[in-house]
Amino acid sequence: LVALIAVMAVLWSTFKEKPVEGSKTITIEVVNDKEESKVYELKTDAQYLIEVMEEAKEQGLNYEGEEGPYGLSISTVNGERADYTLDGAYWSFNVNGEYCNYGVSEQPVEDGDAFEIVYTKAE
């Protein structure tokens with residue numbers, strides 16, 4: 001079992017997405033609970049989504065969250081709070097139409113990426 005875990009850790013480390021260096025153009029679209037959309041377009045050298053989100057603050061994007069065992073958990077975006085314990089709501093993060101495989105602190109960004117931050121309710 002220990003050997004299997006070690007092999008899996010090596011494979012994960014080898015094949016996980018790596019950040020891309022250099023200039024890139026990234027889009028972040030925020031969709032609130034009323035399905036209203038706000039788009040932020042950025043030119044950046046950032047390597048991870050959290051860095052792009054920090055840069056988007058200059059365009060009015062704001063967010064709040066807490067560090068947890070799995071990284072930063074975003075609870076509030078542009079003043080709107082999603083509280084899963086209250087009503088099953090959370091902020092879903094997507095890249096190029098697919099659910100993000102990593103948290104915002106570890107999600108690599110590539111030139112042309114289109115991110116969505118969507119207020120979502122579990123059904």
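This structure is a prediction, so every number in the text was calculated from the model and none was measured.

Caption draft 1: Fine view of unusual backbone geometry. In this structure, Glu 35 takes a positive phi of about 65 degrees despite not being glycine. With respect to the secondary-structure elements, Glu 35 resides in the loop between strand E1 (24-31) and strand E2 (37-44). Phi at Asn 78 takes a positive value of approximately 50 degrees, unusual for a residue other than glycine. Tracing the chain through its elements places Asn 78 in the loop between strand E4 (71-77) and strand E5 (80-81). You can call Asn 78 partly exposed: its relative accessible area is 32%.

Caption draft 2: Fine view of the pairing of E1. Inspection of the sheet shows E1 paired to E2 by 8 bridges, in the antiparallel sense. The partner of Val 30 across the bridge, within E2, is Lys 38. A loop of 5 residues connects E1 with E2, the two strands running antiparallel in sequence, and Glu 35 in this loop sits at a positive phi of about 65 degrees. Pairing geometry for E1 and strand E8 (residues 114-121), over 5 bridges, is parallel. Across the sheet, the residue bridging to Glu 29 is Glu 116, located in E8.

Caption draft 3: Representation of the nonpolar core. Core analysis: the largest hydrophobic core is formed by 27 residues, its most contacted members being Ile 28, Met 53, Ile 74, Trp 91 and Phe 93. Counting only elements with at least two residues in this core, the list comes to E1, E2, helix H2 (49-56), E4, strand E6 (89-95) and E8. Counting residues per element, this core draws most heavily on H2, which supplies 5 residues.

Caption draft 4: Region of interest: the sheet that holds strand E3 (residues 63-68). Pairing is antiparallel across the open sheet formed by 3 strands, whose spatial order is E3-E4-E5. Where the open sheet ends on each side, the last strands, each with one partner, are E3 and E5.

Caption draft 5: Up close: the sheet that holds E6. In spatial order, the strands read E2-E1-E8-E6-E7; together these 5 strands make up an open sheet with mixed pairing. Bordering the open sheet on either side are E2 and strand E7 (98-99), each of which pairs with just one other strand. Relative to E8, E6 runs antiparallel, the two being bridged by 7 bridges. Of the residues in E8, the one forming a bridge with Ser 92 is Val 118.

Caption draft 6: Representation of the packing of aromatic side chains in the model. In the structure shown here, the tally under the stated rule is 2 aromatic pairs. Aromatic side chains Trp 91 and Tyr 119 sit 5.5 Å apart centroid to centroid with 80 degrees between the ring planes, which places their arrangement in the edge-to-face category. Of this pair, Trp 91 sits in strand E6 while Tyr 119 is found in strand E8, placing the two residues 28 residues apart along the sequence. Like Tyr 119, Trp 91 is buried. The ring of Tyr 40 has Lys 38 sitting right over it, with the charged end atom 5.2 Å from the ring centre. Positioned over the ring face of Tyr 63 is Lys 57, at 4.9 Å from the centre of the ring.

The rules behind these values
- Residues numbered from 1 in each chain as written.
- Predicted model: local features only at pLDDT ≥ 70, side-chain atom pairs only at ≥ 80, totals over all residues.
- Heavy atoms only, no water.
- Helix = DSSP H or I, 4+ residues; strand = E, 2+ residues; numbered from the N terminus.
- Buried < 20%, exposed > 50% of the residue type's maximum accessible area, 1.4 Å probe, protein only.
- Pairing = 2+ DSSP bridges.
- Core = buried A, V, L, I, M, F, W, Y, C linked by side-chain atoms within 4.5 Å.
- Phe/Tyr/Trp six-rings, centres within 6.5 Å; stacked < 30°, edge-to-face > 60°.
- Lys NZ or Arg CZ within 6 Å of the ring centre and 35° of its normal.

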